[in-house]
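A closer look at the structure
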Amino acid sequence: MHIMEGFLPVKHCIGWGVASAPFVAWGLATVNKRIRENPEQRMLLGVATAYTFVLSALKMPSVTGSCSHPTGTGLGAVLFGPAAMAPIGAVVLLFQALLLAHGGLTTLGANIFSMAIVGPFVAYFVYRLAKAVRLPFGVCIFLAAALGDLMTYVTTSVQLALAFPDPAGGFTASFLKFAGIFAVTQLPLAISEGFLTVIVFNALARFNPQELKDLNVATVQEMKA
Amino acid sequence: MKRFQNLILLALVIALAAVPLVMIKKPAPGSDDKEVEIFAGADEQAKNAISTIAPSYKPWFKPLMKPPSGEVETCLFALQAALGAGFLGYWYGCSATRARMRREQEEGA
């Protein structure tokens, strides 16, 4: 989902930057407030950050014969709400842009928007919806993490299609082309991310049930179901 | 079922990554005798797609710093994963020990 440095026209870079900035600020404010009020949740915030670090470094082979990586943002979104992952994802993307030449400073806004905003928001609302219709806890987590991951890559495809519409087929043809590269490759990886996130939540449910309850994620009864 | 859930999930994740590795074979080199690359990064492919859709587009900014070689890049990726995995291990160790001590205390009381 990394749009490479310089590969978005200037206007698009600025546009996505302007769109992302308020979310990062909002996320910073919620994270700060939460840590001030509940210092014991610092550990879980670390877990969410660490998880994103690990997963976005793992480039895995996919059925399309190309490689891509999961995002790991669903975990933190379910724990801390959708905005909290915006600054955390931004840190990861900045690390990769500066040191690894993956993504870039000019495309940072667009990449934050797909990975650290759309993905977490999708994950958060899918989780809430799945929980509202009383799906089992593990299924809720799986759906949230997998769909959040997938929608990040769909967003990247939209961003590229907006910037580079096909001369003949326009936005749609271009979107299908980029989605064929990103979203299809991502399908098995999104499923993997869903499974891995369930594993982490199993551990969280075992070791940090009180925090999960305080964070309004799930009650002990719900987690056992 | 619940007891083995984590193991089953982990096995599925490994299978999802391993199956394409086994199934997808490198196609024979084309007429220009160039090796066909498989399992390239999707980011790179998107870059190539941009060049076919908009051949006249020139990237207007270059990365400030590029890892000088694939080896260095691997090192930095490993560092990123190690930082994350290190913290996850720390959390797991702390949590497991805390749970055990609590249990022992309850048994002792």
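Whatever comes next refers back to the structure up there.
Owing to the predicted nature of the structure, the values given are computational and were not obtained by experimental measurement.

1. Quick look at the overall build of chain B
The helix and strand tally for chain B stands at three helices and one strand. Its helices and strands taken in sequence order, chain B reads α-β-α-α from the N to the C terminus. With the C-alpha coordinates of chain B rotated into their principal frame, the extents come out at 75 × 40 × 25 Å. Looking at chain B as a whole, 13% of its 109 residues qualify as buried.

2. Some details on the nonpolar core
Residues and elements named next belong to chain A. Core analysis: the biggest nonpolar cluster contains 92 residues, and Val78, Ala86, Ile112, Ala123, Ile141 and Ala144 have the highest contact counts within it. Per-element tally for this core: the top contributor is helix α6 (residues 137-163), with 15 residues. In this view, alanine 144 contacts Gly74, Val78, Ala123, Val126, Tyr127 and Ala130; residues no more than four positions away in its chain are not counted.

3. Brief notes about the packing of helix α3 (residues 73-80) of chain A against helix α5 (residues 108-132) of chain A
Residue and element names in this part refer to chain A. At a minimum axis separation of 8 Å, α3 and α5 run at an interaxial angle of 55°. As far as their axial angle goes, α5 and α3 are oblique. For α3 against α5, the interelement crossing comes out right-handed. Between α3, through Thr73, Gly74, Gly76, Ala77 and Val78, and α5, the contact on the second element is made entirely by Met115, Ala116, Gly119, Pro120, Ala123, Tyr124 and Tyr127.

4. Topic: the packing of helix α2 (residues 42-57) of chain A against helix α3 (residues 70-108) of chain B
Helix-helix packing is described using two parameters, namely the angle between the two axes and the distance between the axes. The geometry of α2 of chain A relative to α3 of chain B is characterised by a closest axis approach of 8 Å and an angle of 145° between their N-to-C directions. At the point where α2 of chain A passes α3 of chain B, the crossing takes the left-handed sense. Here Met43, Gly46, Val47, Ala50, Tyr51, Phe53, Val54 and Ala57 of chain A of α2 of chain A come into contact with α3 of chain B, specifically with Phe77, Gln80, Ala81, Leu83, Gly84, Ala85, Phe87, Leu88 and Trp91 of chain B. Of the residues assigned to the contact of α2 of chain A with α3 of chain B, the class counts are 14 nonpolar, three polar and no charged.

The rules behind each value
Residues numbered from 1 in each chain as written. Chains lettered and ligands numbered in written order. Predicted model: local features only at pLDDT ≥ 70, side-chain atom pairs only at ≥ 80, totals over all residues. Helix = DSSP H or I, 4+ residues; strand = E, 2+ residues; numbered from the N terminus. Buried ≥ 20, exposed ≤ 12 C-beta atoms within 10 Å, placed from the backbone. Core = buried A, V, L, I, M, F, W, Y, C linked by C-beta atoms within 7 Å. Contact = placed C-beta atoms within 7 Å. Axes fitted to C-alpha atoms, helices over the stretch in contact; angles between N-to-C directions. Parallel < 35°, antiparallel > 145°, perpendicular 65-115°, else oblique. Left-handed = near helix turned anticlockwise from the far one by under 90°. Nonpolar A, V, L, I, M, F, W, Y, C, P; charged D, E, K, R; others polar.

Shape descriptors only; they carry no functional weight alone.
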